[in-house]
Amino acid sequence: MRDYEVQPQHVTPEVQAWVRAQAALGHTAPTILKALRKAGWLADVAREVLAATLQTPSGVPVPRPAIGAALRLDAGDRQVDVLMQMSQPHIVVFGNLLSDEECDALMQAARPRLSRSLTVAVKTGGEELNDDRTSRGMFFTRGENELVNRIEARIARLLDWPLENGEGLQVLQYLPGAEYKPHHDYFDPAEPGTASILARGGQRVGTLILYLGEPEAGGATVFPDIGLEVMPQRGHAVFFSYDQPHASTLTLHGGAPVLAGEKWVATKWLREREFT
Ligand code: PD2
Ligand code: ZN
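Now for a look at the structure at hand. (Residues numbered from 1 in each chain as written. Chains lettered and ligands numbered in written order. Predicted model: local features only at pLDDT ≥ 70, side-chain atom pairs only at ≥ 80, totals over all residues. Heavy atoms only, no water.)

## Quick notes on empty space enclosed by the protein
A full pass over the atoms with the stated rule returns 2 cavities of 30 Å³ or more. Reported here for the largest cavity is a volume of approximately 120 Å³. Lining the largest cavity are 15 residues; nearest its centre among them are Y174, Y180, I209, H253 and T267. Within the residue set of the lining of the largest cavity, elements represented by two or more residues are strand 8 (170–174), strand 9 (180–183), strand 10 (204–213), strand 15 (253–255) and strand 17 (263–271). (1 Å grid on protein atoms, 1.4 Å probe; cavity = no way out; pocket = protein on both sides within 12 Å on 5 of 7 lines; lining within 4 Å. Points joined across faces, edges and corners; volume = space filled by probe spheres on them. Helix = DSSP H or I, 4+ residues; strand = E, 2+ residues; numbered from the N terminus.)

## What to know about the pairing of strand 14 (residues 237–241)
In terms of burial, strand 14 is largely enclosed, as 5 of its 5 residues are buried. One ladder, built from 4 bridges, connects strand 3 (residues 91–95) with strand 14; its direction is antiparallel. Across the sheet, the residue bridging to F94 is A237, located in strand 14. Pairing analysis gives 5 bridges linking strand 10 to strand 14, with the strands arranged antiparallel. Along strand 14, the bridge assignment pairs L208 with F239. (Buried < 20%, exposed > 50% of the residue type's maximum accessible area, 1.4 Å probe, protein only. Pairing = 2+ DSSP bridges.)

## With respect to the sheet that holds strand 4 (residues 115–116)
The strand order across the open sheet formed by 9 strands is 1-2-3-14-10-17-8-7-4, and the pairing between neighbours is antiparallel. The open sheet has two edge strands, strand 1 (72–74) and strand 4, and neither has a second partner. Here strand 10 pairs with strand 17 via 8 bridges, running antiparallel. Within strand 17, the residue paired with G206 across the bridge is L270. Strand contacts of helix 4 (residues 100–110): strand 7 (136–139), strand 8, strand 10 and strand 17, with the helix running at about 95° to strand 10, the strand carrying the most contacts. (Contact = heavy atoms within 4.5 Å. Axes fitted to C-alpha atoms, helices over the stretch in contact; angles between N-to-C directions.)

## With respect to the coordination of the zinc ion (ligand 2)
Within the first shell, the zinc ion (ligand 2) binds the protein through H183 (NE2), D185 (OD) and H253 (NE2), at distances of 2.1 to 2.3 Å. On the primary sequence, the residues serving as donors to the zinc ion (ligand 2) are separated as H-x1-D-x67-H. Within this pair, whereas H183 is found in strand 9, its partner H253 is found in strand 15, the two being separated by 70 residues in sequence. Take H183: its relative accessible area is 15%, and that puts it in the buried class. (Donors = N, O, S within 2.8 Å, 3.2 Å for Na, K, Ca; no water.)

In structure tokens form, the structure reads like this:
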């Protein structure tokens, strides 16, 4: 085997000026990211260039698990494994967040209450059927029963974010072929229905997707801006945060079609303030 040297890449004023010019022409952050990658910039350097040039930190606090260099975190009643973390966007993959029994109990309680998933209708603030989302789902209310309460307290401790700022847990079932096309979880401030949604606790600033039931194939949670796929392993979870309702956060994500078997998840969305 031969050693080789990788030349370090640095964020230069020239590349920052180029990024600013592309943004001024109306190109979006994901498009500029792709162009930087095509021009030979390493993925992490390209993301850093984008963040340093386009993202003015909003100053809005977001959930941020205190990981440092820890291999696992104390979530109160359970030690949760940290399997992967990245900073731009901020994504953490957790292992062992739920036991098999907790996954089974959530699915069992949710099953009789499932109906075709709706999405928030940003035009009106209501809900609507959407072809982009072919799962079936239901919501638990916050603290609905002992199991939900226990899991919500664990999540609040793990993410260091007030339990009251969480929406009720949503459970989704994806049968073969079902998917959730890429989207952002924040509410678009330009849409007329958003004001009434924000009145109930402000923007969403973080998402935790917990995997309850594994499909036999397919069903990864995908992040197209950054080429990441998280496999839906039972008991694991993926967390990501966004400090502004903007695509420059690179938090576009989707549920890839399930190819065989059933995928079950629970989603916890986190708001800026108490969700009422
Ligand atoms: O089930 C998923 O993988 C998934 C993907 C994208 C869930 C959500 N979004 C969500 O619940 O927001
Ligand atoms: Zn989502």
